[in-house]
Amino acid sequence: MGAVDDDTATRAGAWAAGMISDHGLPPRAEEFLARLHEPGLDTAVRDLDTVVRETAASLYGGYHDSPLPEDHGPRTVTDRLTSDLSRRLTVWCLLLSHHDRSRAARDMDLYQAAVLYERTAHHLLRRTAWEGDTLALLLDTVLLDLVEAPVPVAACEEADEEVSRACLDRLRELRARMHGDMVRESAQIAHMWEWHVRTLRLLLRLGDTRSMADLFAEGDLFGDLLRTRHPDLFTRQGLADLFVHCLVPPGRRPTRAWRRATERRLADVPRAPEAIRDLLDLVPTIPDSEGWGGPGHFQEHAHDILTGMVWCAEILPEESTPWAIPVLERLARFTGTGPGTSKQLRSERMASAAVRIIAERGDDRAVAALGRIRGKVRKKTLLKTIDTALSEIADREGVTNEELLERTVPDFGLGRDRTRTELLDGHPVTLSLADDGTAALGFVSAKGRPAASPPKPLRESHPDRIKELRAELKELRATVSTERAGAETFLAQGRIWKVGPWVRHHLEHPVTGTLARRLIWEVDTGDGRTWRAGLPEPDGDHWRLADHDSRTVAHTRDLPDTARVRLWHPVRHRPETVRRWRDHLTDREIAQPVKQAYREIYLLTPAEEATGDHSLRFAAHILKYAQARALLTTRGWSQDALSEWDGCDEGTAQRTYTDRETGTAWRATWDLRLIAPDEPVGVRTCGTGRVRFNRVGAPLPVALAEVPVPVLSEAMRDLDLAVGVTSIAADPEWDEAAHRPYWRRTAFGALTENAEVRRAALAGLLPKLRGADRWELGDRFLRVRGDLRTYRIHLGSANILMEPDDAYLCVVPSGKAPAGLFLPFEDAGGRLSVILSKAFLLTDDAAITDPGIAAQIRRGVDDRPGR
């Protein structure tokens, strides 16, 4: 018997050595081939090689898994083999297809043969039921670097579990090998990670538990963040197995099977709700990564794991996740937006999952959270998901989406004075909302003085409660921001309320009331043609509207339930009425939460009546493209991405506007084109073209005279803002020769409506300001007389000319308003503040210490005759 075994081993060794020589296989394959050998395999290999050489040219073409013909070619050999020989011949074909000599030899015959061997291997794989010994041999091809991982791993996935379990040691070694390769590569290549994940999931299915170190190589962004922020989670029992399970996340909705498997994994994780909360809290802190095949903000494996964690928040019992709504809201607001103002979301899939889970809670806190998320995101598909969720809740309640959101704005426990105080070990802590909408958390120091930070004893005795209060403060600020954005939308659209809900949800609410009481409202009690406008003021248990002369024009005590209320819009009123409201607000120093009395009005011009269906009012401007795109996105415009590729240098920006009075929707379209020649390094500019309007659903533009006046005005206001803020003329440091004539013409040219409103505001403010006797307001400039020179600050661009020679003075704005200065509004990136800060600076020009500014001023002074 021993002599027979020796003889078999000798023949196997001789065959292996011959195959190494004949086929150019690496020497390390010799011992493996000897183990692969089986009586009859040498004949099958010889016959197959002959057939491949004869038919490679005729069968060349198609994909690697294209079917092989039955009557000629490799199947004349493979179809007559036993199962064991078929499995071994599969391994042989894989070896030859992975060690292709044709590239080195530049031999077409060899290349065609290698392709046919690959097709033969895939033909055999589809028909092979692996046994333990041959599956082990297949895995050895990877461990010996003879074959790549995908085919052997896929074979293990498809094999019977008992057969795969017999190869557990080899699978563990293979996973460790792939993990080590990723560490050495330092960048986890997409296909390498995919097969690492599949191997992990296979091991988990076979009952082999994993550790975090198996999942995350050193240098992995998510793994390193987890190690640093939550070392306890990195070693938490069962969490690695849960992560592996989530590496293949559910689709739009988890299936029952996925839920059941997740429940089992969660049961193995100690303090699972706490772990899931900590992981989801980690999401908004994950840094940007280049990614490799997954969403740009997340590495692919981190994205899949965290999406699974989001669904875990739904699968866990609701009573164990009281934190779910605020945590998921923060996650949705982060993943549902892009870095900065990028249109590329961090993860729409993760944000959509969070929205659906919040919606399922269905209570007032959930609705308020959905409203805040909606106010933050811009992507239409995600907005649709949110609106659908709100509609389902609203339908159950029998109200509209808007009414639902208004009813559920949280009051944060604030009283009528908009404060809430609680005692922590005798230390008062106050959450407050000021008249101007500023939210704050107040403490008392050890010396009994008001403080913005908690005293040390309180930090040490109640760290968790302090954390909760700060999170509540952040939520309050977000709510105020969302409600302010809502007021802006309702003002532009002309939304109408019934008087009862208006009083309850706006005037009397401690949060929305801080906004509503600084806005002008108008009431109609009859036919809709007579509206009476005023500012709301409390009067006992009721409210009155007081006009710009402080006269009562309406009183909630006397208004019928059918009375209608809307926000006052200047486009519907005479200039004299608008001026009187502006003076009234300025005299009383009421800073409105949105630009209302000082809102710009854009009426149809004679030139636009002549052009008919398009406007050139904002054509022929040169904008900084990235800045303009970001600003328009924040204003709700969708845009074509412009680039230097053929056909991509021209596009449009579009936004839909709704007019509640007529019940119509309109789309405004603005033509844009990328300007490529002579661009400064790092700056791309775009040129602007005409503006057109069409009814939503109708393809052709209409005459501008048919567009409702509020819609035309609001659209033009957006475009004026875009030009005013992002035009190169607004850049005081623009010194490139490119577009210099445009810069000079626009930087000091005629005022747009936006700048005219700024001029009107300055006219009301100047008499109250220090230094006003040295300032003079002209048609286009604020003229400032300093000690050294006289200056003219343009009311549109805020650029400065020095008299008498109109020399340009470059002063980079600080972006901060003078301390304690009342402004009736803030606009265009703080342009009003910039103008005033420059005026105050130049009034005392002799005291300027900035060497760059002082040198420019002194250059003109020192050059005067007699000096």
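Residues numbered from 1 in each chain as written. Predicted model: local features only at pLDDT ≥ 70, side-chain atom pairs only at ≥ 80, totals over all residues. Heavy atoms only, no water.

**Student:** What is the right way to read the environment of Ser432 from this model?
**Tutor:** If you trace the backbone, Ser432 turns up in strand S2 (residues 427-433). Residues contacting Ser432, with those up to four places away along its chain left out, are Arg418, Thr419, Thr438, Ala439, Ala440 and Leu476. (Helix = DSSP H or I, 4+ residues; strand = E, 2+ residues; numbered from the N terminus. Contact = heavy atoms within 4.5 Å.)

**Student:** Got a minute to help me understand the sheet that holds strand S7 (residues 532-539) in this structure?
**Tutor:** Taken in spatial order, the six strands make up an open sheet running S5-S10-S6-S7-S8-S9, and their pairing is antiparallel. Single-partner strands in this sheet number two, and they are strand S5 (496-498) and strand S9 (552-555). Between one strand and the next, the sheet's axes are offset by a mean angle of 40°, whatever the strand orientation. In the sheet, S5 pairs with strand S10 (residues 564-567) via three bridges, with the strands oriented antiparallel. Each bridged residue has a counterpart across the sheet, and for Ile496 the counterpart in S10 is Arg566. Its contacts with the sheet put helix H29 (residues 575-587) on S7 and strand S8 (542-546), and the angle it makes with S7 is roughly 25°. (Pairing = 2+ DSSP bridges. Axes fitted to C-alpha atoms, helices over the stretch in contact; angles between N-to-C directions.)

**Student:** Looking at this model, I keep getting lost on the pattern of salt bridges. Mind explaining?
**Tutor:** Pairing between side chains becomes possible if they bear opposite charge and their charged atoms approach one another. Per the stated rule, a full pass over the model turns up 72 salt bridges. Notably, a salt bridge pairs Arg35 with Glu31, separated by 2.9 Å at the nearest N-O pair. Of this pair, Arg35 and Glu31 both sit in helix H2 (residues 29-36), four residues apart, which is roughly one turn of that helix. Given a relative accessible area of 35%, Arg35 falls into the partly exposed group. Glu31 sits in the partly exposed class, given a relative accessible area of 48%. In this structure, the salt-bridge partner of Glu402 is Arg660, at a minimum N-O distance of 2.4 Å. With Glu402 in helix H24 (residues 401-407) and Arg660 in the loop between strand S13 (650-659) and strand S14 (664-675), the pair connects residues that are 258 residues apart, well separated along the chain. Here the salt bridges share partners, and the residues they tie into one network are Glu488, Lys595, Arg599, Glu600, Glu714 and Arg717. (Salt bridge = Lys/Arg side-chain N within 4 Å of Asp/Glu carboxyl O. Buried < 20%, exposed > 50% of the residue type's maximum accessible area, 1.4 Å probe, protein only.)

**Student:** When you look at the sheet that holds strand S4 (residues 450-451) in this model, what are you seeing that I'm missing?
**Tutor:** In a beta sheet, neighbouring strands pair by backbone hydrogen bonds and run either parallel or antiparallel. An order of S1-S2-S3-S4 is seen for the four strands of this open sheet, with the pairing classed as antiparallel. Each end of this open sheet is capped by a strand with a single partner; those strands are strand S1 (419-424) and S4. Where strand S3 (residues 439-444) meets S4, two bridges bridge the pair, whose relative direction is antiparallel. Note that in S4 the partner of Val444 across the bridge is Pro450. Against the sheet, helix H26 (residues 463-493) contacts S1, S2 and S3, and its axis sits at roughly 150° relative to S3.

**Student:** Which parts of the structure should I look at to understand the side chain of Arg544?
**Tutor:** By the secondary structure assignment, Arg544 is in strand S8. In this structure Arg544 comes out as buried when scored by relative accessible area, which is 18%. A polar contact is formed between the side chain of Arg544 and the side chain of Glu537, at a distance of 2.7 Å. Within polar-contact distance, the side chain of Arg544 engages the side chain of Thr552 at 2.3 Å. In this view, Arg544 contacts Leu535, Pro536, Glu537, Ser550, Arg551, Thr552, Ala554 and His555; residues no more than four positions away in its chain are not counted. (Polar contact = N/O pair within 3.5 Å; in protein donor to acceptor, adjacent residues only side chain to side chain.)

**Student:** Is there a simple way to think about the pairing of strand S17 (residues 781-785) in this case?
**Tutor:** Regular strands place their side chains on alternate faces of the sheet. Judged from the three bridges that link them, strand S16 (residues 775-777) and S17 form a sheet pairing that is antiparallel. Bridge pairing in S17 links Trp775 to Val784. Linking two consecutive strands that pair antiparallel, namely S16 and S17, is a turn of three residues. Summarising the sheet, S17 and strand S18 (residues 790-794) pair through five bridges and their orientation is antiparallel. Residue pairing for S18: Leu782 is matched across the bridge by Ile793. Linkage of S17 to S18, two consecutive antiparallel strands, is achieved through a turn of four residues.

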